[in-house]
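What the coordinates show
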Amino acid sequence: MTAVERQVDYILQLNTAYSELDRTFLVNRILNLVGDAARDLPAQADALANLDQLVEAGIQSGRIEDRLSARQILEAELMALATPTPSQTNAAFWQKYQASPKTATDWFYGLSRANNYIQTRAIAKNIGFTTRTDYGDLEITINLSKPEKDPKDIAAAAHASATATYPACQLCMENEGYAGRSDYPARGNHRIVRFTLGGRTWGFQYSPYAYFGEHAIFLDSVHEPMKITRTTFTNLLEILTLFPDYFVGSNADLPIVGGSMLAHEHYQGGKHVFAMNKAAVETPFKLTQWPQVSAGIVKWPMSVIRLESADKEALVSAAEQVRATWAAYTDESVDVRAQTAGERHHTVTPIATRDGDVFRLDLVLRDNQTSSEFPDGIFHPHQDVQHIKRENIGLIEVMGLAILPARLKTELVEVKKYLLDQPNQIAASHKPWADHLKEQQTWTPANADAQLDDAVGHVFARVLEDAGVFKRDAAGRAAFGRFVKAL
């Protein structure tokens, strides 16, 4: 069997729009993409290895240049043939949904992996471990999945970016089927399931560089900035009604405390239970207006109010009361200010889950102030932990899953050498931390890896504590109590 024949078999397996009668047509479509010389290439048993071979044939034939973006565009175009059209994808999804939501999401997730839209091989490169803390087992990921930019692409992108305005962003529905370019990812094999939310068309897709199981994205069809309002809470609970096996949450809608994509309204979800989901309520309280809603402060490094009820409308109203009260709340004694010079500082990061008929909203209080002492953010990772994490603390990290930069893969190797008194090139930013670790523990080749992972995890716990608006000391607890009284 040849590589082209193997690819045709794969297309026929995934895309039922084609049949055996289409075989010659598909052979010719593939040869048009990779060159006629590929006809004699022997097949690879693994579908993605076979895909790699066809991409290489495309380079050898001169169909594409040997640069990363061109490879990814060709990969996506070859797999686009194996992917049902958007209309077929939507029809199949909602037909399977009639059996159960899980049947539909299992199928769509499987398709998104099989057609290489979800970059399974890249995701497998991530380094992951857990760290036991007072808040539960925090999950740590050193993100190695997104490939480094090719210098040739960087040069080409300098010309492409100047006039490119389409798609408006990587969350727009216009990405579906977009070929890609030197400065923009290939989306030929990308599909979006449409559904109605609050009278508007929304889309459901998976993240190509997932951080957890079935990492989903729910996106508005309109390119508008993110905003947290009462409608946000309603939308999150409606998504849980549609997809009861998933959690769903939203990044905050302000810089510093928000995610990396504030220009397009969207939520994230999936099938994963985070440490924050498992954290218990340590201080219950009552919201007198909403007796059917249970409320409490969660034992968590950030400041979280948990609301639960089987009454969705009451739950939304209670959540909006928390959001609106927080939006206007100031407590100078703990540096909490609703606004300065007319600039808004307060919002929430909401996360919705459900257990049968009971819905839960965890509302994480956020404040994006800066100061001369903390120019990156008063409630942001402080300078002494930025050697591990300096980026925004978004939705996923709020829940206890750290997404740490790729630089740490090599930097931590040098830290370990330093801790073992071996020749090293430790970064200056890590040295104060490493000196402290040396004083606290005995380091040997046998225990160094485990102890260093544990130390990284505890730095992440500190990162989350820095982001907490009410600290877990006496003053912070008293201040949190005053906010609860204001509710």
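Residues numbered from 1 in each chain as written. Predicted model: local features only at pLDDT ≥ 70, side-chain atom pairs only at ≥ 80, totals over all residues. Heavy atoms only, no water.

- With an unreviewed UniProt entry as reference, the protein is termed Galactose-1-phosphate uridylyltransferase, source organism Lacticaseibacillus camelliae DSM 22697 = JCM 13995.
- The UniProt entry for the protein carries the following text under Catalytic activity (unreviewed entry): "alpha-D-galactose 1-phosphate + UDP-alpha-D-glucose = alpha-D-glucose 1-phosphate + UDP-alpha-D-galactose".
- What UniProt records for the protein under Sequence similarities (unreviewed entry) is the sentence "Belongs to the galactose-1-phosphate uridylyltransferase type 2 family." (UniProt positions renumbered as here; feature names shortened; annotations may be inferred.)

Description of the pattern of salt bridges
- On inspection of all chains with the given rule, the structure shows 33 salt bridges.
- A salt bridge links Asp137 to Arg132; the shortest N-O distance between them is 3.5 Å. (Salt bridge = Lys/Arg side-chain N within 4 Å of Asp/Glu carboxyl O.)

Thoughts on the UniProt feature "domain: Galactose-1-phosphate uridyl transferase C-terminal" (unreviewed entry) in the protein
- Taking the UniProt record as the reference, the feature "domain: Galactose-1-phosphate uridyl transferase C-terminal" (unreviewed entry) is found at residues 242–434.
- Structurally, residues 242–434 comprises 22% helix and 27% strand, and the distance from its first C-alpha atom to its last is 48 Å. (Helix = DSSP H or I, 4+ residues; strand = E, 2+ residues; numbered from the N terminus.)

Some remarks on the environment of Glu176
- Take Glu176: it is sitting in the loop between α8 (151–160) and β3 (193–197).
- C-alpha separation for the pair Glu176 and Pro86, spaced 90 residues apart in sequence, amounts to 8.1 Å.
- Filtering out sequence-adjacent residues up to four positions away, Glu176 remains in contact with Pro86, Arg187, His190, Arg191, Ile192 and Arg194. (Contact = heavy atoms within 4.5 Å.)

Topic: unusual backbone geometry
- The omega torsion across Tyr166 and Pro167 is -10°, close enough to zero to call that bond cis.
- One can find Pro167 in the loop between α8 and β3.
- Its identity as a non-glycine residue notwithstanding, Glu214 has a phi of 55°, on the positive side.
- Take Glu214: it is sitting in the loop between β4 (200–206) and β5 (216–220).
- By relative accessible area, Glu214 is classed as buried at 9%.
- Positive phi is not limited to glycine here, since Ala341 has a value of about 50°.
- Within the element layout of this structure, Ala341 appears in the loop between β11 (339–340) and β12 (343–344). (Buried < 20%, exposed > 50% of the residue type's maximum accessible area, 1.4 Å probe, protein only.)

Observations concerning the packing of helix α13 (residues 407–419) against helix α14 (residues 431–440)
- Between α13 and α14, the shortest axis-to-axis distance is 10 Å and the interhelical angle comes to 40°. Comparing the axis directions of α13 and α14 gives the class oblique. In this structure, α13 crosses over α14, and the sense of that crossing is right-handed. On α14, the residues touching Leu412, Val415, Tyr418 and Leu419 of α13 are Lys431, Trp433, Ala434, Asp435, Leu437 and Lys438.
- Of the residues belonging to the contact of α13 with α14, the class tally is 7 nonpolar, no polar and 3 charged. (Axes fitted to C-alpha atoms, helices over the stretch in contact; angles between N-to-C directions. Parallel < 35°, antiparallel > 145°, perpendicular 65-115°, else oblique. Left-handed = near helix turned anticlockwise from the far one by under 90°. Nonpolar A, V, L, I, M, F, W, Y, C, P; charged D, E, K, R; others polar.)

Things to note about the environment of Val364
- Tracing the sequence through the fold places Val364 in strand β14 (residues 358–367).
- C-alpha separation for the pair Val364 and Glu65, spaced 299 residues apart in sequence, amounts to 47 Å.
- Among residues more than four places away in sequence, those in contact with Val364 are Met276, Met302, Ser303, Val304, Thr347, Val348, Thr349, Ile351 and Val398.

Describing the sheet that holds β3
- Read from one edge to the other, the open sheet built from 10 strands follows the order β3-β4-β5-β7-β6-β13-β14-β10-β9-β8, with strand pairing classed as antiparallel. Here the strands that pair on one side only, and so sit at the sheet edges, are β3 and β8 (281–285). Looking at each pair of strands side by side, their axes are set apart by 25° on average, direction ignored.
- Relative to strand β7 (residues 266–270), β5 runs antiparallel, the two being bridged by 4 bridges. The partner of Leu219 across the bridge, within β7, is His266.
- Relative to β14, helix α11 (residues 312–327) is tilted by about 10°, and along the sheet it contacts β10 (304–309), β13 (346–355) and β14. (Pairing = 2+ DSSP bridges.)

Notes on the side chain of Arg306
- Position of Arg306 relative to the elements: it lies in strand β10.
- We classify Arg306 as buried; its relative accessible area is 4%.
- A polar atom in the side chain of Arg306 sits 3.0 Å from the backbone oxygen of Met276. (Polar contact = N/O pair within 3.5 Å; in protein donor to acceptor, adjacent residues only side chain to side chain.)

A word on the nonpolar core
- Among the nonpolar cores identified, the biggest contains 58 residues, and Phe204, Phe218, Leu307 and Phe470 are the most heavily contacted of them.
- Per-element tally for this core: the top contributor is α11, with 7 residues.
- Look past the residues within four positions of Leu307 in its chain and what remains in contact with it is Leu287, Val293, Ser294, Ala295, Leu315, Ala318, Ala319, Val322, Phe359, Arg360, Leu361 and Leu363.
- Counting 50 residues, the second-largest nonpolar core is a separate cluster that includes Ile142, Phe212, Tyr418 and Leu419. (Core = buried A, V, L, I, M, F, W, Y, C linked by side-chain atoms within 4.5 Å.)

Overview of the environment of Val469
- Summarising the element assignment, Val469 is placed in the loop between α15 (448–467) and α16 (474–486).
- Through-space distance from the C-alpha of Val469 to that of Val364 is 9.3 Å; in sequence the pair is 105 residues apart.

Observations concerning the pairing of β4
- The buried fraction of β4 amounts to 5 of the 7 residues, a majority that puts the element mostly inside the structure.
- With 5 bridges connecting them, β3 and β4 associate as antiparallel partners. Note that in β4 the partner of Thr196 across the bridge is Thr201.
- Between the antiparallel neighbours β3 and β4 lie 2 residues, among them Gly198 with a positive phi of about 60°.
- As judged from the 5 bridges shared by β4 and β5, these two strands associate in the antiparallel manner. What sits directly across from Trp202, in β5, is Asp220.

Observations concerning the packing of aromatic side chains
- Following the criterion strictly, the structure yields 33 aromatic pairs and no others.
- Between Phe247 and Phe274, the aromatic rings sit 5.2 Å apart at their centres with planes inclined by 85°, giving edge-to-face as the arrangement. Separated by 27 residues along the polypeptide, Phe247 in strand β6 (residues 247–249) and Phe274 in the loop between β7 and α10 (275–278) bring together distant segments of the chain. The residues Phe247 and Phe274 share a single accessibility class, namely buried.
- Every member of this aromatic cluster is reached through a ring pair, and the members are Phe93, Trp94, Tyr97, Trp107, Phe108, Tyr109, Phe195, Phe204, Tyr206, Phe218, Phe243 and Tyr246.
- In this arrangement the basic side chain of Lys438 is found over the ring face of Tyr418, its NZ or CZ atom lying 4.3 Å from the centre. (Phe/Tyr/Trp six-rings, centres within 6.5 Å; stacked < 30°, edge-to-face > 60°. Lys NZ or Arg CZ within 6 Å of the ring centre and 35° of its normal.)

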